[in-house]
Amino acid sequence: MTDRVVLVTGAARGLGAVIARRFHASGYRVAIGDITFNAAQELASELSADHSSAFALNLDVTSKEDFSAARDAILDKWQRIDVLVNNAGASKVVPVMDITAEQFDHVIQVNLRSVLFGCQVFGQHFADAGAGRIVNIASLAGQNGGSATGAHYAASKGGVITLTKVFARDLASRGVTVNAISPGPMDLPIVHESVPADKLSAVVASIPGGRLGSADYVADVAVMLAAENAYFANGACWDVNGGLFMR
Ligand SMILES: NC(=O)c1ccc[n+]([C@@H]2O[C@H](COP(=O)([O-])OP(=O)(O)OC[C@H]3O[C@@H](n4cnc5c(N)ncnc54)[C@H](O)[C@@H]3O)[C@@H](O)[C@H]2O)c1
């Protein structure tokens, strides 16, 4: 058990929910932030019926004010915050020549404002406290341009990896680390919902490991990067892609 506290964004479903469960199982108290509050609340109640070790927050990651309000609500409840996992993300499969301004702006806003504002608000809090861990969920698409995802998504995830380095350098002397994890396609609802079955078979066939990735393992990596003794892992991009991209 630990008295440590984590905020996971976009944690109402998918990878974020798996990460929230993993931190909770590791003894963390977990704040579950999402724009779909009811689903976040359901998960919080499942993890902690009296909400003593898990609670839900209405958090739109495109809003810096929402991040500030989330920080204040967590401090009010538990008097400490140790870890931020910037997981919330948006993706849309659209051919590059067809992406509209609205589609581009939406994906960029969710995937990049989230990391910018999350790192600003929580990075400052951690720096003032002299300790903290930030884990940003990037993507293989941000490294190789993507295959089953849109160009705006891939571009935004490249930006997540770059922002991770900028904040890691900026905050390193204050006891704060900032790392990214770049998963390849995982066995998660969004993958099955957004990629047609025949295309998904082709994607799986292209993975040297021959199967979709495990969200549980990505969650384990996030917990590992959040540990107090992880101070020397900083500014890195942790690849979990079944061998699809090697460097
Ligand atoms: N699924 C994959 O194979 C895969 C691969 C690589 C990276 N990723 C990344 O993992 C993260 C989670 O992906 P997922 O597959 O679980 O996606 P998902 O769409 O299933 O879940 C995303 C969650 O984020 C929330 N969200 C969306 N916009 C938000 C906003 N403005 N503010 C707060 N919450 C918001 C949604 O409500 C949802 O709960 C994303 O950053 C995604 O890019 C996923």
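Residues numbered from 1 in each chain as written. Predicted model: local features only at pLDDT ≥ 70, side-chain atom pairs only at ≥ 80, totals over all residues. Heavy atoms only, no water.

An unreviewed UniProt entry lists the chain under the name 3-oxoacyl-[acyl-carrier protein] reductase, from Caballeronia udeis. The UniProt entry for the chain carries the following text under Sequence similarities (unreviewed entry): "Belongs to the short-chain dehydrogenases/reductases (SDR) family." (UniProt positions renumbered as here; feature names shortened; annotations may be inferred.)

**Observations concerning the overall build of the chain**
Along the chain, the regular secondary structure elements total nine helices and seven strands. Expected size for 247 residues packed as a compact globule is a radius of gyration near 18 Å; at 17 Å, the chain falls within 12% of this value. Its C-alpha atoms put the chain at 50 × 40 × 35 Å along the principal axes. Residues counted as buried form 49% of the 247 residues belonging to the chain. Taking the intrachain contacts of the chain between residues at least 6 apart in sequence as the baseline, contacts between residues at least 24 apart amount to 71%. Per element, the accessible surface of the chain, about 11,300 Å² overall, is 53% carbon and sulfur. (Helix = DSSP H or I, 4+ residues; strand = E, 2+ residues; numbered from the N terminus. Rg over C-alpha atoms; globule rule 2.2 N^0.38 Å. Buried < 20%, exposed > 50% of the residue type's maximum accessible area, 1.4 Å probe, protein only. Contact = heavy atoms within 4.5 Å. Areas by Shrake-Rupley, 256 points an atom, 1.4 Å probe, with all protein chains shown as cover.)

**Observations regarding the pattern of salt bridges**
Here the structure, examined in full by the defined rule, presents 10 salt bridges. The salt bridge involving Arg 80 is made with Asp 3; its shortest N-O contact spans 3.0 Å. With Arg 80 in the loop between helix H3 (64-78) and strand S4 (83-86) and Asp 3 in the segment before strand S1 (5-9), this residue pair connects regions lying 77 residues apart in the sequence. The salt bridge partner of Asp 216 is Arg 22, with a shortest N-O separation of 3.8 Å. Taken together, the residues Asp 216 in helix H9 (residues 215-225) and Arg 22 in helix H1 (residues 14-25) connect sequence positions 194 residues apart. On the basis of relative accessibility, which here comes to 39%, the residue Asp 216 falls in the partly exposed class. Using a relative accessible area of 28% as the deciding quantity, one classes Arg 22 as partly exposed. (Salt bridge = Lys/Arg side-chain N within 4 Å of Asp/Glu carboxyl O.)

**Re the site of the ligand**
As a structural note, the neighbourhood of the ligand is formed by 27 residues, with Arg 13, Leu 15, Asp 34, Asn 87 and Tyr 153 the closest of them. At 2.7 Å from an oxygen atom of the ligand is found a side-chain nitrogen or oxygen belonging to Arg 13. For the ligand, whose free accessible area comes to 840 Å², the fraction covered by protein is 89%. Sorting the residues of the shell around the ligand by element identifies H1, helix H6 (151-171) and helix H7 (189-194) as the ones contributing at least two each. The residue inventory of the shell around the ligand, partitioned by class, reads 16 nonpolar, seven polar and four charged. (Near = heavy atom within 4 Å. Polar contact = N/O pair within 3.5 Å; in protein donor to acceptor, adjacent residues only side chain to side chain. Nonpolar A, V, L, I, M, F, W, Y, C, P; charged D, E, K, R; others polar.)

**Some words on the sheet that holds strand S3 (residues 54-58)**
Strand pairing in a sheet takes place through backbone hydrogen bonds and is either antiparallel or parallel in direction. One open sheet holds the seven strands; their spatial order is S3-S2-S1-S4-S5-S6-S7, and the pairing between them is parallel. The sheet is open, and its two edges are formed by S3 and strand S7 (237-240), each paired on a single side. Shown here is a sheet whose adjacent strand axes are inclined to one another by a mean of 20°, direction ignored. Alignment of S4 against strand S5 (residues 132-137), held across four bridges, turns out to be parallel. Its bridge partner being in S5, Val 83 is matched across the sheet by Arg 133. Together, S1, strand S2 (29-34), S3 and S4 form the strand contacts of H3, whose direction differs from that of S3 by roughly 155°. (Pairing = 2+ DSSP bridges. Axes fitted to C-alpha atoms, helices over the stretch in contact; angles between N-to-C directions.)

**Examining the UniProt feature "domain: Ketoreductase" (unreviewed entry) in the chain**
UniProt's feature table lists "domain: Ketoreductase" (unreviewed entry) at residues 4-184, given in the numbering used throughout. For the annotated span residues 4-184, helix accounts for 51% and strand for 19% of the residues, and the straight-line distance between the end C-alpha atoms is 29 Å.

**Observations concerning the packing of helix H4 (residues 101-129) against H6**
Where H4 meets H6, the closest approach of the two axes is 9 Å, and the angle between their N-to-C directions is 15°. For the element pair H4 / H6, the angle class is roughly parallel. Viewed along their axes, H4 and H6 form a crossing whose handedness is right-handed. Residues Gln 103, Phe 104, Val 107, Ile 108, Asn 111, Leu 112, Val 115, Leu 116, Cys 119, Gln 120, Gly 123 and Ala 127 of H4 pack against His 152, Tyr 153, Ser 156, Lys 157, Gly 159, Val 160, Leu 163, Phe 167 and Leu 171 of H6. Along the lines of polarity and charge, the residues of the contact of H4 with H6 split into 13 nonpolar, seven polar and one charged. (Parallel < 35°, antiparallel > 145°, perpendicular 65-115°, else oblique. Left-handed = near helix turned anticlockwise from the far one by under 90°.)

**A short note on the packing of aromatic side chains**
Think of a pair of aromatic rings as described by two things: how far the centres are apart, and how the planes are tilted against each other in angle. According to the stated counting rule, one finds five aromatic pairs in the structure shown. Geometrically, the ring pair formed by Phe 55 and Trp 78 is edge-to-face, given 5.1 Å between the ring centres and 90° between the ring planes. Residue Phe 55 is found in strand S3, and its partner Trp 78 is found in helix H3; the two are separated by 23 residues along the sequence. Here Phe 55 and Trp 78 have matching classes, each one buried. With a centroid separation of 6.2 Å and 75° between ring planes, the pair formed by Phe 67 and Phe 122 is classed as edge-to-face. Here Phe 122 lies in helix H4 and Phe 67 lies in helix H3, a separation of 55 residues in the sequence. Judged by relative accessible area, Phe 122 falls into the buried class, the value being 0%. (Phe/Tyr/Trp six-rings, centres within 6.5 Å; stacked < 30°, edge-to-face > 60°.)

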